[in-house]
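Architecture at a glance
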Amino acid sequence: MSLVPNSSEGRPLLDGVLVLDLASVGPAVRASRWLADWGADVVKVGPVPKDAGLQIVPPPYAYSAHRNMRRILLDLKSEGGRGAFLRLASTADVVVESFRPGVIDRLGIGYQSLRTVNPGIVLCSTSGFGQTGPRAGWAGHDINYLAVGGYLHCSGRDERGGPALPGATVADSAGGGLHAVAAICAALVARTATGQGTHLDVSIAEGVLSLMSLAVDEYLADGTEPGPRHGLLTGRYAWYDLYQASDGGWLAVGAIEPQFFTNLCLGLSCDRWLDHQYDIDAIDGMRADFAAAFATRPRDEWVEVLGPADTCVTAVLDIPEVIADEQYRSRGSFTEVVHPTAGPIAQVAAPLAGQVDASTLPVYDQAAPCTDEVLAAAGLAPDELAVLRSEGAIA
(Lines give C-alpha, C1' and ligand atoms only; values in the text may rest on other atoms or scores of the structure.)
Protein backbone atom coordinates (compact mmCIF):
# COMPACT_ATOMS: atom_id res chain seq x y z
CA MET A 1 0.00 0.00 0.00
CA SER A 2 1.26 3.48 -0.87
CA LEU A 3 -0.15 6.73 0.47
CA VAL A 4 1.87 8.85 -1.95
CA PRO A 5 0.45 9.33 -5.45
CA ASN A 6 2.70 8.67 -8.40
CA SER A 7 2.24 11.94 -10.25
CA SER A 8 3.57 10.53 -13.51
CA GLU A 9 0.99 7.75 -13.49
CA GLY A 10 -1.80 9.75 -11.85
CA ARG A 11 -2.39 7.16 -9.16
CA PRO A 12 -5.13 8.00 -6.65
CA LEU A 13 -3.89 9.02 -3.21
CA LEU A 14 -5.40 5.94 -1.54
CA ASP A 15 -4.74 3.50 -4.35
CA GLY A 16 -4.31 0.00 -2.93
CA VAL A 17 -6.08 0.70 0.37
CA LEU A 18 -8.83 -1.85 1.10
CA VAL A 19 -11.62 -0.58 3.36
CA LEU A 20 -14.37 -2.78 4.83
CA ASP A 21 -17.42 -0.71 5.74
CA LEU A 22 -19.88 -2.30 8.17
CA ALA A 23 -22.11 0.80 8.37
CA SER A 24 -25.31 1.52 6.47
CA VAL A 25 -26.00 5.20 7.22
CA GLY A 26 -24.48 8.21 8.93
CA PRO A 27 -20.92 9.45 9.46
CA ALA A 28 -19.20 6.10 8.88
CA VAL A 29 -20.80 5.80 5.45
CA ARG A 30 -19.81 9.37 4.64
CA ALA A 31 -16.25 8.56 5.66
CA SER A 32 -16.05 5.53 3.40
CA ARG A 33 -17.66 7.58 0.61
CA TRP A 34 -14.82 10.11 0.78
CA LEU A 35 -12.18 7.39 1.11
CA ALA A 36 -13.53 5.80 -2.07
CA ASP A 37 -13.26 9.14 -3.85
CA TRP A 38 -9.60 9.29 -2.86
CA GLY A 39 -9.18 5.93 -4.60
CA ALA A 40 -9.61 3.40 -1.79
CA ASP A 41 -11.23 0.06 -2.63
CA VAL A 42 -14.33 0.16 -0.40
CA VAL A 43 -16.33 -2.99 0.27
CA LYS A 44 -19.70 -2.52 1.95
CA VAL A 45 -20.52 -5.42 4.30
CA GLY A 46 -24.25 -5.90 4.79
CA PRO A 47 -26.30 -8.58 6.57
CA VAL A 48 -27.75 -11.61 4.85
CA PRO A 49 -31.51 -10.94 4.60
CA LYS A 50 -33.67 -13.33 6.58
CA ASP A 51 -35.98 -13.56 3.59
CA ALA A 52 -33.80 -14.65 0.67
CA GLY A 53 -35.94 -12.59 -1.71
CA LEU A 54 -35.82 -9.43 0.37
CA GLN A 55 -32.98 -6.94 0.42
CA ILE A 56 -33.04 -3.41 1.79
CA VAL A 57 -31.16 -1.45 -0.84
CA PRO A 58 -30.72 2.34 -0.84
CA PRO A 59 -32.01 4.34 -3.82
CA PRO A 60 -29.50 4.42 -6.70
CA TYR A 61 -28.56 8.08 -6.12
CA ALA A 62 -27.83 7.68 -2.39
CA TYR A 63 -24.28 8.35 -1.23
CA SER A 64 -23.19 9.32 -4.74
CA ALA A 65 -24.60 6.09 -6.21
CA HIS A 66 -22.04 4.21 -4.07
CA ARG A 67 -19.47 4.78 -6.79
CA ASN A 68 -16.31 2.74 -6.32
CA MET A 69 -18.02 0.70 -3.59
CA ARG A 70 -18.78 -3.00 -3.92
CA ARG A 71 -21.22 -4.77 -1.61
CA ILE A 72 -21.13 -8.19 0.02
CA LEU A 73 -23.59 -9.94 2.35
CA LEU A 74 -22.39 -11.83 5.43
CA ASP A 75 -24.21 -13.21 8.46
CA LEU A 76 -21.78 -12.02 11.14
CA LYS A 77 -23.78 -13.80 13.83
CA SER A 78 -22.93 -17.17 12.29
CA GLU A 79 -19.61 -18.92 12.70
CA GLY A 80 -19.15 -19.19 8.96
CA GLY A 81 -19.96 -15.54 8.27
CA ARG A 82 -17.71 -14.36 11.08
CA GLY A 83 -14.89 -16.56 9.82
CA ALA A 84 -15.32 -15.25 6.29
CA PHE A 85 -15.19 -11.67 7.52
CA LEU A 86 -11.99 -12.30 9.48
CA ARG A 87 -10.43 -13.93 6.40
CA LEU A 88 -11.32 -10.82 4.44
CA ALA A 89 -10.07 -8.54 7.22
CA SER A 90 -6.72 -10.30 7.15
CA THR A 91 -6.18 -8.73 3.71
CA ALA A 92 -7.69 -5.31 4.49
CA ASP A 93 -6.21 -2.03 5.66
CA VAL A 94 -9.21 -0.43 7.35
CA VAL A 95 -12.48 -1.54 8.96
CA VAL A 96 -15.14 1.11 9.58
CA GLU A 97 -18.10 0.40 11.86
CA SER A 98 -20.88 2.31 13.61
CA PHE A 99 -22.53 -0.26 15.88
CA ARG A 100 -23.38 0.62 19.46
CA PRO A 101 -20.27 0.35 21.66
CA GLY A 102 -19.48 -3.28 22.47
CA VAL A 103 -21.44 -4.86 19.61
CA ILE A 104 -18.47 -5.81 17.43
CA ASP A 105 -16.79 -7.47 20.41
CA ARG A 106 -19.91 -9.53 21.03
CA LEU A 107 -19.91 -10.49 17.35
CA GLY A 108 -16.32 -11.70 17.67
CA ILE A 109 -14.91 -9.16 15.22
CA GLY A 110 -13.64 -6.51 17.65
CA TYR A 111 -10.19 -4.98 17.54
CA GLN A 112 -8.45 -7.79 19.41
CA SER A 113 -9.90 -10.36 17.00
CA LEU A 114 -8.98 -8.22 14.00
CA ARG A 115 -5.40 -7.57 15.07
CA THR A 116 -4.90 -11.29 15.70
CA VAL A 117 -5.41 -11.94 12.00
CA ASN A 118 -3.95 -8.62 10.84
CA PRO A 119 -1.66 -6.63 13.19
CA GLY A 120 -1.69 -3.70 10.78
CA ILE A 121 -5.47 -3.28 10.66
CA VAL A 122 -6.96 0.14 11.41
CA LEU A 123 -10.37 -0.17 13.05
CA CYS A 124 -12.42 3.03 13.04
CA SER A 125 -15.41 2.92 15.38
CA THR A 126 -17.76 5.84 14.87
CA SER A 127 -20.46 6.54 17.43
CA GLY A 128 -22.46 9.45 18.73
CA PHE A 129 -20.70 9.93 22.05
CA GLY A 130 -17.70 7.61 21.88
CA GLN A 131 -16.99 4.12 23.15
CA THR A 132 -16.90 5.18 26.81
CA GLY A 133 -18.61 7.65 29.12
CA PRO A 134 -22.12 8.00 30.61
CA ARG A 135 -23.77 8.61 27.21
CA ALA A 136 -21.85 5.96 25.28
CA GLY A 137 -24.95 3.82 24.82
CA TRP A 138 -27.34 6.63 23.90
CA ALA A 139 -28.99 6.82 20.49
CA GLY A 140 -28.76 10.11 18.66
CA HIS A 141 -28.66 11.95 15.36
CA ASP A 142 -27.04 15.04 13.90
CA ILE A 143 -29.29 17.47 15.79
CA ASN A 144 -28.40 15.87 19.13
CA TYR A 145 -24.65 16.13 18.65
CA LEU A 146 -24.93 19.74 17.49
CA ALA A 147 -27.01 20.41 20.61
CA VAL A 148 -24.60 18.97 23.18
CA GLY A 149 -21.55 20.45 21.45
CA GLY A 150 -22.75 24.04 21.83
CA TYR A 151 -23.25 24.54 18.10
CA LEU A 152 -27.00 25.08 18.20
CA HIS A 153 -26.81 27.47 21.15
CA CYS A 154 -24.34 29.70 19.31
CA SER A 155 -26.30 29.63 16.03
CA GLY A 156 -29.01 32.02 14.90
CA ARG A 157 -32.55 31.97 16.23
CA ASP A 158 -35.72 30.84 14.46
CA GLU A 159 -39.14 32.52 14.50
CA ARG A 160 -39.85 31.03 17.93
CA GLY A 161 -36.70 32.48 19.43
CA GLY A 162 -35.07 29.06 19.73
CA PRO A 163 -31.95 27.71 18.01
CA ALA A 164 -32.39 27.40 14.25
CA LEU A 165 -31.96 24.03 12.55
CA PRO A 166 -28.91 24.00 10.25
CA GLY A 167 -29.33 23.38 6.54
CA ALA A 168 -26.80 20.53 6.44
CA THR A 169 -25.82 17.60 8.64
CA VAL A 170 -22.78 19.37 10.06
CA ALA A 171 -22.22 16.86 12.87
CA ASP A 172 -22.51 13.78 10.67
CA SER A 173 -20.37 15.25 7.90
CA ALA A 174 -17.67 17.34 9.59
CA GLY A 175 -17.91 16.17 13.21
CA GLY A 176 -18.11 12.51 12.26
CA GLY A 177 -17.30 11.71 8.63
CA LEU A 178 -14.34 13.99 7.97
CA HIS A 179 -13.19 13.42 11.56
CA ALA A 180 -13.04 9.69 10.77
CA VAL A 181 -11.28 10.23 7.42
CA ALA A 182 -8.56 12.38 9.00
CA ALA A 183 -8.01 9.87 11.81
CA ILE A 184 -7.89 6.93 9.39
CA CYS A 185 -5.37 8.62 7.10
CA ALA A 186 -3.21 9.60 10.08
CA ALA A 187 -3.30 6.00 11.33
CA LEU A 188 -2.29 4.69 7.91
CA VAL A 189 0.66 7.08 7.79
CA ALA A 190 1.73 6.00 11.29
CA ARG A 191 1.51 2.37 10.22
CA THR A 192 4.12 2.92 7.53
CA ALA A 193 6.60 3.61 10.34
CA THR A 194 5.44 1.14 12.99
CA GLY A 195 3.79 -1.65 11.01
CA GLN A 196 1.01 -1.61 13.58
CA GLY A 197 -2.62 -0.66 13.23
CA THR A 198 -4.81 0.96 15.85
CA HIS A 199 -8.38 1.30 17.12
CA LEU A 200 -9.81 4.77 16.48
CA ASP A 201 -12.63 5.90 18.79
CA VAL A 202 -14.43 8.57 16.72
CA SER A 203 -17.04 10.44 18.74
CA ILE A 204 -19.31 12.65 16.65
CA ALA A 205 -20.09 14.84 19.65
CA GLU A 206 -16.38 15.39 20.24
CA GLY A 207 -15.99 16.22 16.57
CA VAL A 208 -18.57 18.99 17.06
CA LEU A 209 -16.71 20.09 20.20
CA SER A 210 -13.57 20.44 18.08
CA LEU A 211 -15.49 22.58 15.58
CA MET A 212 -16.62 24.79 18.46
CA SER A 213 -13.15 25.18 19.97
CA LEU A 214 -12.85 28.91 19.16
CA ALA A 215 -15.94 29.68 21.23
CA VAL A 216 -15.16 27.16 23.98
CA ASP A 217 -11.55 28.29 24.34
CA GLU A 218 -12.69 31.92 24.63
CA TYR A 219 -14.97 30.97 27.51
CA LEU A 220 -12.23 28.95 29.20
CA ALA A 221 -9.78 31.83 28.84
CA ASP A 222 -11.83 34.77 30.10
CA GLY A 223 -15.26 33.50 31.13
CA THR A 224 -17.09 35.24 28.29
CA GLU A 225 -20.11 33.09 27.47
CA PRO A 226 -20.60 32.72 23.69
CA GLY A 227 -24.02 32.83 22.06
CA PRO A 228 -25.88 34.05 18.98
CA ARG A 229 -24.68 37.50 17.87
CA HIS A 230 -22.10 37.35 20.62
CA GLY A 231 -18.90 37.38 18.63
CA LEU A 232 -17.31 38.44 15.42
CA LEU A 233 -18.29 35.24 13.58
CA THR A 234 -21.83 34.93 14.94
CA GLY A 235 -23.21 38.26 13.76
CA ARG A 236 -22.36 40.77 16.46
CA TYR A 237 -21.17 43.32 13.94
CA ALA A 238 -23.04 44.70 10.94
CA TRP A 239 -20.23 43.76 8.55
CA TYR A 240 -20.68 40.03 9.27
CA ASP A 241 -24.35 39.41 8.63
CA LEU A 242 -27.07 38.62 6.08
CA TYR A 243 -29.00 41.28 4.17
CA GLN A 244 -32.04 41.21 1.91
CA ALA A 245 -31.91 42.81 -1.54
CA SER A 246 -34.73 44.60 -3.36
CA ASP A 247 -35.85 41.44 -5.18
CA GLY A 248 -36.13 39.40 -1.96
CA GLY A 249 -32.82 37.62 -2.47
CA TRP A 250 -30.26 37.50 0.30
CA LEU A 251 -26.58 38.41 0.49
CA ALA A 252 -23.89 37.18 2.87
CA VAL A 253 -21.41 39.79 4.09
CA GLY A 254 -18.15 38.88 5.83
CA ALA A 255 -15.97 42.00 5.62
CA ILE A 256 -13.75 41.23 8.61
CA GLU A 257 -10.43 42.73 7.53
CA PRO A 258 -10.21 46.56 7.62
CA GLN A 259 -9.50 46.88 3.92
CA PHE A 260 -12.53 44.76 3.05
CA PHE A 261 -14.68 46.75 5.46
CA THR A 262 -13.53 49.97 3.83
CA ASN A 263 -14.40 48.65 0.38
CA LEU A 264 -17.82 47.58 1.64
CA CYS A 265 -18.64 50.98 3.12
CA LEU A 266 -17.58 52.73 -0.05
CA GLY A 267 -19.50 50.30 -2.26
CA LEU A 268 -22.68 50.85 -0.23
CA SER A 269 -22.17 54.64 -0.01
CA CYS A 270 -22.00 54.29 3.75
CA ASP A 271 -18.80 56.29 4.11
CA ARG A 272 -19.77 57.69 7.49
CA TRP A 273 -18.99 54.37 9.13
CA LEU A 274 -15.43 54.07 7.79
CA ASP A 275 -13.84 54.83 11.16
CA HIS A 276 -16.31 52.83 13.25
CA GLN A 277 -15.77 49.18 12.32
CA TYR A 278 -15.54 47.94 15.92
CA ASP A 279 -17.46 50.78 17.55
CA ILE A 280 -20.05 49.08 19.78
CA ASP A 281 -22.22 52.18 19.84
CA ALA A 282 -22.34 52.21 16.04
CA ILE A 283 -23.56 48.64 15.51
CA ASP A 284 -27.30 49.31 15.27
CA GLY A 285 -26.98 52.39 13.10
CA MET A 286 -24.48 50.73 10.79
CA ARG A 287 -26.66 47.66 10.43
CA ALA A 288 -29.70 49.79 9.59
CA ASP A 289 -27.78 51.75 6.96
CA PHE A 290 -26.37 48.58 5.41
CA ALA A 291 -29.85 47.04 5.30
CA ALA A 292 -31.30 50.15 3.66
CA ALA A 293 -28.51 50.23 1.08
CA PHE A 294 -28.81 46.56 0.13
CA ALA A 295 -32.59 46.97 -0.23
CA THR A 296 -32.10 49.41 -3.14
CA ARG A 297 -30.90 46.90 -5.74
CA PRO A 298 -31.51 43.26 -6.73
CA ARG A 299 -29.27 40.58 -5.25
CA ASP A 300 -27.35 39.71 -8.40
CA GLU A 301 -26.61 43.36 -9.19
CA TRP A 302 -25.00 43.72 -5.79
CA VAL A 303 -22.95 40.58 -6.37
CA GLU A 304 -21.78 41.85 -9.74
CA VAL A 305 -20.67 45.15 -8.21
CA LEU A 306 -19.36 44.09 -4.81
CA GLY A 307 -18.16 40.51 -5.39
CA PRO A 308 -15.02 41.36 -7.41
CA ALA A 309 -14.36 44.50 -5.33
CA ASP A 310 -12.81 42.74 -2.30
CA THR A 311 -15.84 43.24 -0.05
CA CYS A 312 -16.47 39.60 0.90
CA VAL A 313 -20.04 39.74 -0.42
CA THR A 314 -21.71 36.72 -2.01
CA ALA A 315 -25.22 35.64 -2.91
CA VAL A 316 -27.14 33.19 -0.74
CA LEU A 317 -27.87 30.50 -3.31
CA ASP A 318 -30.58 27.86 -3.28
CA ILE A 319 -29.73 24.35 -4.48
CA PRO A 320 -30.77 24.85 -8.15
CA GLU A 321 -28.62 27.99 -8.19
CA VAL A 322 -25.71 26.12 -6.64
CA ILE A 323 -25.90 23.54 -9.43
CA ALA A 324 -25.93 26.27 -12.08
CA ASP A 325 -23.19 28.35 -10.45
CA GLU A 326 -20.37 29.25 -12.83
CA GLN A 327 -17.62 28.78 -10.25
CA TYR A 328 -18.61 25.20 -9.47
CA ARG A 329 -19.18 24.47 -13.14
CA SER A 330 -15.73 25.78 -14.04
CA ARG A 331 -14.19 23.50 -11.42
CA GLY A 332 -16.00 20.36 -12.56
CA SER A 333 -17.87 20.04 -9.26
CA PHE A 334 -20.72 18.05 -10.83
CA THR A 335 -20.55 14.91 -12.89
CA GLU A 336 -22.64 12.10 -14.30
CA VAL A 337 -22.23 8.40 -13.63
CA VAL A 338 -24.01 5.46 -15.20
CA HIS A 339 -25.77 3.12 -12.80
CA PRO A 340 -26.15 -0.51 -13.98
CA THR A 341 -29.95 -0.43 -13.64
CA ALA A 342 -30.96 3.22 -13.11
CA GLY A 343 -28.91 4.58 -15.99
CA PRO A 344 -27.27 8.04 -15.98
CA ILE A 345 -27.29 9.84 -12.61
CA ALA A 346 -26.15 13.44 -12.21
CA GLN A 347 -24.43 14.11 -8.88
CA VAL A 348 -21.84 16.09 -6.98
CA ALA A 349 -18.43 14.99 -8.23
CA ALA A 350 -15.45 14.36 -5.95
CA PRO A 351 -14.62 17.99 -5.13
CA LEU A 352 -12.25 17.57 -2.19
CA ALA A 353 -8.58 18.26 -2.89
CA GLY A 354 -6.72 15.29 -4.34
CA GLN A 355 -9.80 13.20 -5.09
CA VAL A 356 -10.20 11.39 -8.38
CA ASP A 357 -12.34 12.17 -11.40
CA ALA A 358 -15.64 10.70 -10.20
CA SER A 359 -16.82 9.98 -13.74
CA THR A 360 -14.04 7.37 -14.05
CA LEU A 361 -15.10 5.39 -10.96
CA PRO A 362 -17.12 2.18 -11.39
CA VAL A 363 -20.71 2.10 -10.15
CA TYR A 364 -22.03 -1.21 -8.87
CA ASP A 365 -25.61 -2.37 -8.45
CA GLN A 366 -25.99 -2.62 -4.67
CA ALA A 367 -28.83 -5.11 -5.19
CA ALA A 368 -26.36 -7.50 -6.87
CA PRO A 369 -23.72 -8.30 -4.20
CA CYS A 370 -20.16 -9.14 -5.19
CA THR A 371 -19.74 -11.56 -2.29
CA ASP A 372 -18.10 -14.47 -4.11
CA GLU A 373 -15.75 -12.22 -6.07
CA VAL A 374 -14.54 -10.33 -2.99
CA LEU A 375 -14.14 -13.40 -0.78
CA ALA A 376 -12.38 -15.32 -3.53
CA ALA A 377 -9.84 -12.50 -3.80
CA ALA A 378 -9.28 -12.93 -0.04
CA GLY A 379 -8.37 -16.58 -0.60
CA LEU A 380 -11.64 -18.48 -0.06
CA ALA A 381 -11.93 -21.43 -2.42
CA PRO A 382 -15.06 -22.17 -4.51
CA ASP A 383 -15.99 -25.16 -2.35
CA GLU A 384 -15.70 -23.05 0.81
CA LEU A 385 -17.97 -20.42 -0.72
CA ALA A 386 -20.48 -23.07 -1.71
CA VAL A 387 -20.63 -24.40 1.85
CA LEU A 388 -21.03 -20.92 3.32
CA ARG A 389 -23.82 -20.13 0.90
CA SER A 390 -25.62 -23.39 1.68
CA GLU A 391 -25.41 -22.55 5.39
CA GLY A 392 -26.83 -19.07 4.81
CA ALA A 393 -23.63 -17.46 6.08
CA ILE A 394 -23.16 -15.47 2.86
CA ALA A 395 -25.42 -14.30 0.07
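Presented here is a report on the structure given in the accompanying data block. (Residues numbered from 1 in each chain as written. Predicted model: local features only at pLDDT ≥ 70, side-chain atom pairs only at ≥ 80, totals over all residues. Heavy atoms only, no water.)

A tally of regular secondary structure across the chain gives 17 helices and eleven strands. Dimensions of the chain, computed from the C-alpha atoms along their principal axes, are close to 85 × 45 × 45 Å. When contacts within the chain are restricted to residue pairs at least 6 apart in sequence, those whose partners lie at least 24 apart make up 66%. Accessible surface, the chain as shown: approximately 19800 Å² in total, 55% of it carbon and sulfur. (Helix = DSSP H or I, 4+ residues; strand = E, 2+ residues; numbered from the N terminus. Contact = heavy atoms within 4.5 Å. Areas by Shrake-Rupley, 256 points an atom, 1.4 Å probe, with all protein chains shown as cover.)

Attention now goes to the sheet that holds strand β7 (residues 240-244). Through backbone hydrogen bonds, the strands of a sheet pair up, either in parallel or in antiparallel fashion. A sheet is described by the order of its strands in space; here three strands give the open sequence β7-β8-β9, paired in antiparallel fashion. The two strands at the open ends of the sheet, each matched to only one other strand, are β7 and β9 (313-315). Ignoring strand direction, the axes of neighbouring strands in this sheet form an average angle of 25 degrees. Note that β7 and strand β8 (residues 250-254) share five bridges and pair antiparallel. Looking at the pairing, Gln-244 lines up with Trp-250 of β8. (Pairing = 2+ DSSP bridges. Axes fitted to C-alpha atoms, helices over the stretch in contact; angles between N-to-C directions.)

With that settled, the discussion passes to helix α13 (residues 299-306). Three or more residues of α13 are buried, namely Arg-299, Trp-302 and Leu-306. Within α13, the buried residues cover an arc of 65 degrees as seen down the axis, which keeps them to one side. Each element contacted by the buried residues of α13 is listed here: β8, α11 (258-267), α12 (283-294), β9 and α14 (319-324). (Buried < 20%, exposed > 50% of the residue type's maximum accessible area, 1.4 Å probe, protein only. Arc of directions from axis to C-beta.)

Turning next to the packing of helix α1 (residues 27-37) against helix α8 (residues 170-194). At a closest axis distance of 8 Å, the pairing of α1 and α8 adopts a crossing angle of 50 degrees. Classified by the angle between their axes, α1 and α8 sit oblique to one another. α1 and α8 meet at a crossing whose hand is right-handed. Residues Pro-27, Arg-30, Ala-31, Trp-34 and Leu-35 of α1 pack against Asp-172, Ser-173, Gly-176, Gly-177, Leu-178, Ala-180, Val-181, Ile-184 and Cys-185 of α8. (Parallel < 35°, antiparallel > 145°, perpendicular 65-115°, else oblique. Left-handed = near helix turned anticlockwise from the far one by under 90°.)

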